[in-house]
Amino acid sequence: MSSKIAYSRQGDIAVLTAQNPPVNALSQAVRQGLLDGVERAEAEDGVKAILIVGAGRAFFAGADIKEFGKPPLEPHLPWLVGRIEASPLVVVASMHGVSLGGGLEVAMGCHYRVAQPSARVGLPEVHLGIIPGAGGTQRLPRLTGADAALEIATTGRHVGAAEALKLGIVDAIEEGDPTEIGVAYTEKLLAEGAVPRPICEMHAPAAIDWSAAHAAVEARARGQLSPGFVVEAVQASAEHSFEEGMKAERAIFRKAMDTDQRKGLIHAFFSERAVSTLPELKGVEPRPMSQIGVIGGGTMGAGIATAALLSGFSVTMLEMSPEAGEAARGRIESNLSGALKRGKISAEQHAAIVEKALQVVTDYNALKDADLLIEAVFEEMEIKKKVFAQLDAVCKPGAVLASNTSYLDINEIASVTSRPEDVIGLHFFSPAHVMKLLEVVVADKTAIDVVATGFDLGKRLRKISVRAGVCDGFIGNRILSTYRTAADHMILDGASPYEIDKALEDFGFAMGPFAVADLAGLDIGYAVRKRKRAEGLQPNERDSHYADKLVEHGHKGQKTGKGYYDYSAGMKARVPNPDVLPLIKAERVEQDISSREFTDQEIVRRYMAAMVNEAAKVVGEGIARRPLDVDMTLLFGYGFPRYRGGPLKWADIVGLDGLLADINRYAEDDPHFWQPAPLLEQLVAEGKTFDDLNQS
Ligand code: ZOZ
Ligand code: NAD
């Protein structure tokens, strides 16, 4: 018997206990152990029932995702679930923690299910680009009906025990040790004369309006294929026998497995977990943190304070004047009311935060006990330096001094303090209490335990933290500046902002770059362009001024009602602002450019080539440690479609040699902008991929 499944007897019940920490993924050894356990129980004298239970945190978290993409090993899960279901003994699942994907499928192969009140079940395969492949799409609808099964399997959401009981997914809820409640429940079933109750013999679900179901799912999927595959499979459960339905599920599962989206989504799953694991932080204790000071309570400072308050920190907000302080408090309270409305906090928690945890001040002395200070004042070096000098004067020794700057040099900011080892960049994204990304920007002298503290903060705020080095814009904004510039060049050459937004939204971005610019405020890009021009452009560097004129006409995006789009009919209406195209045309005339047509395909190719090329420079220079750090930055901070895995995973999938060839071709017209990244050239020369660098 496999050591992953312990076999024991409790009277006439054989107990199979999965022990594959941390979450009992159904690896080959676990599957084999379950099979051996079932066969042994059936062969042993006096066994009347089998109880399957998980040791540790969960029943089963699903198939072992690490085995995907490799040749499947026997016993295959769909067969095993069928084998459990076919047992002449009564088979019971005692479920605690999560029962996800293959884990719920194993439970549905059992004849009865008892769960702890805190147990959660679900079919999250859709988030990995696949569908449940071990009968989930055929058995769940037989328990719940097609509508509920579709909702559960197309969203992948976790269903709590009480709801699962109501839907018929579990038969009973009992509090207690999973083995004890499982044994007690099985004894009760045996006493009542229960017999095996295979779901495969239950009635097929009633038909629903399948075209409406397909249309509804597609409308939400934004180009992701797996939700549509789920509908196909569930439809098969209603239209065919169980055996034929299983064949349909198998065929659809294989089709899903073969997609690039599956590769992208599984890359995202593992990278999301790997990104915050840095070898140099192993064994490094973060500094203790309970009080946070935030300097500047505008959009970002208020969002950061909200995030910290919602995670149980106490926050002292410092503003320039009592009036600015009140405005900052108003912004924070409005964010907190939103959290209350959405059920993220209770009324009592809301009251406690507002009354006790938040303090608004104008005097730096109030920051002297804070463990972590996060500066979020205007994006101007001189102002930031003044703030840091004042922090240096009042903050206690060991306090971490952080800047939320978007582009400025953290080394220069640190240089005005007597303790550069305590200075770090903590770059949040707007709105900071909602967006998941945190760039932890490590400066030349930052101490390692200060880096650990940055990552600890990210974890406590439930964010995805990415390590970045110091450069203009760190990982994300530096790459953004480059692909945004590629878009600006396409505009000069003949594309419109609306064509570009549409092509990229069809590619899967949550929003195109011009809609994003309107949201962020066009004055931000305006300030960056002004700064870059002041620093001096290269002689062959392309530049344009139409966007500056837009800002100078008062069009700063959503906040002024107009930017690239006119928002007078509502923020979602997205009507093109009629002032934009004439400004662009005038610029083309001024620069003597004859415009040409761009297909959606060319727009995406140029935009992505610029993104990948800059990302390769960012990795090559060590600003990002690994390609996956860039991928996660773009996924969690910039609306990059998760099902494409991130720009560098996308590049691996489409082929690096073709991309490099295109970059070299574009460079014939614009050698300044299209300088191929040395790392990209090296990978192509060595026949390697970006993903190879993630493994090392
Ligand atoms: O980890 C959270 C989670 O949601 N896991 C994924 C659950 C999931 O997607 N299950 C479905 C899997 S696909 C499937 O089951 C396909 C199917 O229908 C059958 C296919 C038939 C094939 C036929 C072939 C012929 C979870 C909620 C479980 C726990 O969250 P936490 O935040 O507490 O912990 P994490 O996320 O940090 O996880 C702890 C460690 O466990 C690793 N892990 C989690 N689920 C895994 C898994 N490893 C392999 N397979 C899984 N299913 C996770 O990577 C992490 O590892 P470390 O190394 O970072 O600690
Ligand atoms: P903002 O203009 O909305 O807010 C700045 C706030 O700082 C104002 O409330 C102002 O009163 C206050 N302030 C200015 N000088 C101060 C001082 N000396 N002492 C105390 N308070 C002072 O700006 P924002 O958008 O919140 O940006 C703040 C910082 O965050 C900038 O460095 C910016 O680059 C960065 N950032 C912005 C975004 C974004 O999307 N807006 C995203 C990430 C990072």
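Residues numbered from 1 in each chain as written. Chains lettered and ligands numbered in written order. Predicted model: local features only at pLDDT ≥ 70, side-chain atom pairs only at ≥ 80, totals over all residues. Heavy atoms only, no water.

S.K.: Could you clarify how one ought to interpret the overall build of the protein chain in this entry?
M.R.: Along the backbone of the protein chain there are 29 helices and 19 strands. In terms of C-alpha radius of gyration, the protein chain reaches 28 Å, essentially the compact-globule figure of 26 Å for 696 residues. Across its three principal directions, the C-alpha atoms of the protein chain cover 85 × 60 × 50 Å. Counting all 696 residues of the protein chain, 55% fall into the buried class. Of the contacts formed within the protein chain by residues at least 6 apart in sequence, a portion of 74% connects residues at least 24 apart. Here the protein chain has roughly 28800 Å² of accessible surface; of this, 53% comes from carbon and sulfur atoms. Both charge centroids of the protein chain, one from 75 positive and one from 93 negative side chains, sit 2 Å from each other. (Helix = DSSP H or I, 4+ residues; strand = E, 2+ residues; numbered from the N terminus. Rg over C-alpha atoms; globule rule 2.2 N^0.38 Å. Buried < 20%, exposed > 50% of the residue type's maximum accessible area, 1.4 Å probe, protein only. Contact = heavy atoms within 4.5 Å. Areas by Shrake-Rupley, 256 points an atom, 1.4 Å probe, with all protein chains shown as cover. Lys, Arg positive; Asp, Glu negative; His and termini not counted. Charge placed at Lys NZ, Arg CZ, Asp CG, Glu CD.)

S.K.: Where do I start with the sheet that holds strand β9 (residues 172-173) in this structure?
M.R.: In a beta sheet, neighbouring strands pair by backbone hydrogen bonds and run either parallel or antiparallel. Read from one edge to the other, the open sheet built from six strands follows the order β1-β2-β3-β4-β6-β9, with strand pairing classed as mixed. With one partner strand each, in any of the chains shown, β1 (5-10) and β9 form the two edges of the open sheet. Pairing analysis gives two bridges linking strand β6 (residues 112-115) to β9, with the strands arranged parallel. Paired with V114 across the strands is A172, a residue of β9. (Pairing = 2+ DSSP bridges.)

S.K.: Got a minute to help me understand the sheet that holds strand β5 (residues 98-100) in this structure?
M.R.: Overall, mixed pairing links the three strands, which are arranged β5-β7-β8 in an open sheet. Edge positions in the sheet fall to β5 and β8 (159-160), since each has one partner strand and no second. The strands touched by helix α3 (residues 102-109) are β5 and β7 (120-122); relative to β5, the strand with the most contacts, the crossing angle is about 90 degrees. (Axes fitted to C-alpha atoms, helices over the stretch in contact; angles between N-to-C directions.)

S.K.: Explain the site of ligand 1 here, please?
M.R.: Neighbouring ligand 1 are 28 residues, the closest being R57, G102, E105, E125 and R273. Here A63 contributes a backbone N or O atom positioned 2.8 Å from a nitrogen atom of ligand 1. Within the side chain of E125, an N or O atom sits 2.7 Å from an oxygen atom of ligand 1. Surface burial for ligand 1 is 74%, taken as the share of its 1100 Å² of free accessible area covered by protein chains. Elements that contribute at least two residues to the shell around ligand 1 include exactly α2 (77-85), β5, α3, α10 (242-257) and α11 (260-274). Counting residues per element, the shell around ligand 1 draws most heavily on α11, at three residues. Counted by class, the shell around ligand 1 contains 17 nonpolar, four polar and seven charged residues. (Near = heavy atom within 4 Å. Polar contact = N/O pair within 3.5 Å; in protein donor to acceptor, adjacent residues only side chain to side chain. Nonpolar A, V, L, I, M, F, W, Y, C, P; charged D, E, K, R; others polar.)

S.K.: Would you take a moment to explain the packing of helix α27 (residues 656-669) against helix α28 (residues 678-686) for this structure?
M.R.: The angle between the axes and the distance between the axes are what describe a pair of packed helices. Here α27 crosses α28 at 135 degrees, and the two axes come no closer than 9 Å. It follows from the interaxial angle that α27 and α28 lie oblique. Crossing hand, α27 versus α28: left-handed. Counting all contacts with α27, which are made through L656, D657, L660 and I663, the residues of α28 involved are L680, E681, L683 and V684. (Parallel < 35°, antiparallel > 145°, perpendicular 65-115°, else oblique. Left-handed = near helix turned anticlockwise from the far one by under 90°.)

S.K.: Help me out: how do you make sense of helix α25 (residues 627-637) in this one?
M.R.: Think of an α-helix as turning once every 3.6 residues; residues three or four places apart then point the same way. Most of α25 sits out of view: 11 of its 11 residues are buried. Residues of α25 that are buried: P627, L628, D629, V630, D631, M632, T633, L634, L635, F636 and G637. The first or second residue beyond α25 is G639, which carries a positive phi of 70 degrees.

S.K.: Just to check I follow, could you spell out the domain arrangement of the protein chain for this structure?
M.R.: Size of an interface, as often reported, equals the accessible area lost when the parts are brought together. We note that the domain assignment places domain 1 (5-261), domain 2 (289-468), domain 3 (482-491 + 598-696) and domain 4 (496-596) within the protein chain. Taking only C-alpha atoms, the centre of domain 3 and the centre of domain 4 are 23 Å apart. Carbon and sulfur atoms make up 61% of the area that domain 3 and domain 4 hide from each other, which totals about 2100 Å². When residues of domain 3 are sorted by the area they lose upon contact with domain 4, R484, I491 and H672 head the list and together hold 32% of the total. The interface formed by domain 3 and domain 4 contains two salt bridges. Linking domain 3 to domain 4 there are seven residue pairs in polar contact (both at pLDDT 80 or more). Take the side of domain 3 that touches domain 4: its biggest share by element is eight residues, from helix α24 (residues 600-620). When grouped by side-chain class, the residues that make up the side of domain 3 that touches domain 4 number 14 nonpolar, three polar and seven charged. (Domains from an automatic or database assignment. Buried area = accessible area lost by both parts, 1.4 Å probe. Salt bridge = Lys/Arg side-chain N within 4 Å of Asp/Glu carboxyl O.)

S.K.: What is the right way to look at the packing of aromatic side chains in this model?
M.R.: Here a ring pair, both rings aromatic, is described through the centre-centre distance and the interplanar angle of the planes. In total, this model carries 14 aromatic pairs according to the counting rule given. Judged by centre distance (6.1 Å) and plane angle (75 degrees), the ring pair of F507 and F640 falls under edge-to-face. Of the two residues, F507 sits in helix α19 (residues 497-507) while F640 sits in the loop between α25 and α26 (647-654), which places them 133 residues apart along the sequence. Take F507: its relative accessible area is 6%, and that puts it in the buried class. Overall, F640 belongs to the buried group, its relative accessible area being 3%. Aromatic rings pair up to connect Y483, F507, F509, Y607, F640 and W650 into one cluster. Directly above the ring of Y7 sits R40, whose terminal nitrogen or CZ lies 3.9 Å from the centroid. (Phe/Tyr/Trp six-rings, centres within 6.5 Å; stacked < 30°, edge-to-face > 60°. Lys NZ or Arg CZ within 6 Å of the ring centre and 35° of its normal.)

S.K.: Before we go on, may I ask you to explain helix α13 (residues 322-341) in this structure?
M.R.: Given a rise of 1.5 Å per residue, 20 residues ought to cover 28 Å, and the 28 Å separating the end C-alpha atoms of α13 matches this to within 8%. When we look at burial in α13, the residues that qualify are A324, G325, A328, I332, N335, L336, G338 and A339. The buried side chains of α13 occupy one side of the element, clustering within an arc of 155 degrees when seen end-on. Projecting away from the buried face of α13 at angles above 90 degrees are the exposed residues P322, E323, E326 and K341. The positive-phi residue at the C-terminal boundary of α13 is G343, with phi of around 80 degrees. (Expected span 1.5 Å × (residues − 1). Arc of directions from axis to C-beta.)

S.K.: How should the site of ligand 2 be read in this particular structure?
M.R.: Around ligand 2 sit 22 residues in total, of which M300, E319, E379, K384 and S406 are the nearest. V377 places a main-chain nitrogen or oxygen 3.3 Å from an oxygen atom of ligand 2. Separating an oxygen atom of ligand 2 from a side-chain N or O atom of K384 is a distance of 2.6 Å. The fraction of the free accessible surface of ligand 2 (830 Å²) that becomes covered by protein chains is 80%. Taken together, the elements giving at least two residues each to the shell around ligand 2 come down to α12 (299-310), α15 (381-394) and β15 (423-428).

S.K.: What exactly am I supposed to notice about the nonpolar core here?
M.R.: Within soluble globular proteins, side chains that are nonpolar generally end up buried alongside one another. Core analysis: the biggest nonpolar cluster contains 99 residues, and Y564, V630 and F690 have the highest contact counts within it. Top element by residues in this core is α24. It accounts for 12 residues. Within the second largest apolar cluster, 66 residues are counted, among which are A107, L150, A153 and A213. (Core = buried A, V, L, I, M, F, W, Y, C linked by side-chain atoms within 4.5 Å.)

S.K.: Got a minute to help me understand the pairing of β15 in this structure?
M.R.: Taken residue by residue, a regular strand's side chains alternate between the two faces of the sheet. By the criterion of burial, β15 is predominantly enclosed, with six of the six residues buried. Going residue by residue along β15, you find V423, G425 and H427 tucked away on one face and I424, L426 and F428 tucked away on the opposite face as well. As judged from the three bridges shared by strand β14 (residues 400-403) and β15, these two strands associate in the parallel manner. Within β15, the position partnered with L401 by the bridge is V423. Relative to strand β16 (residues 437-442), β15 runs antiparallel, the two sharing four bridges. Counterpart to F428 in the pairing with β16 is L438.

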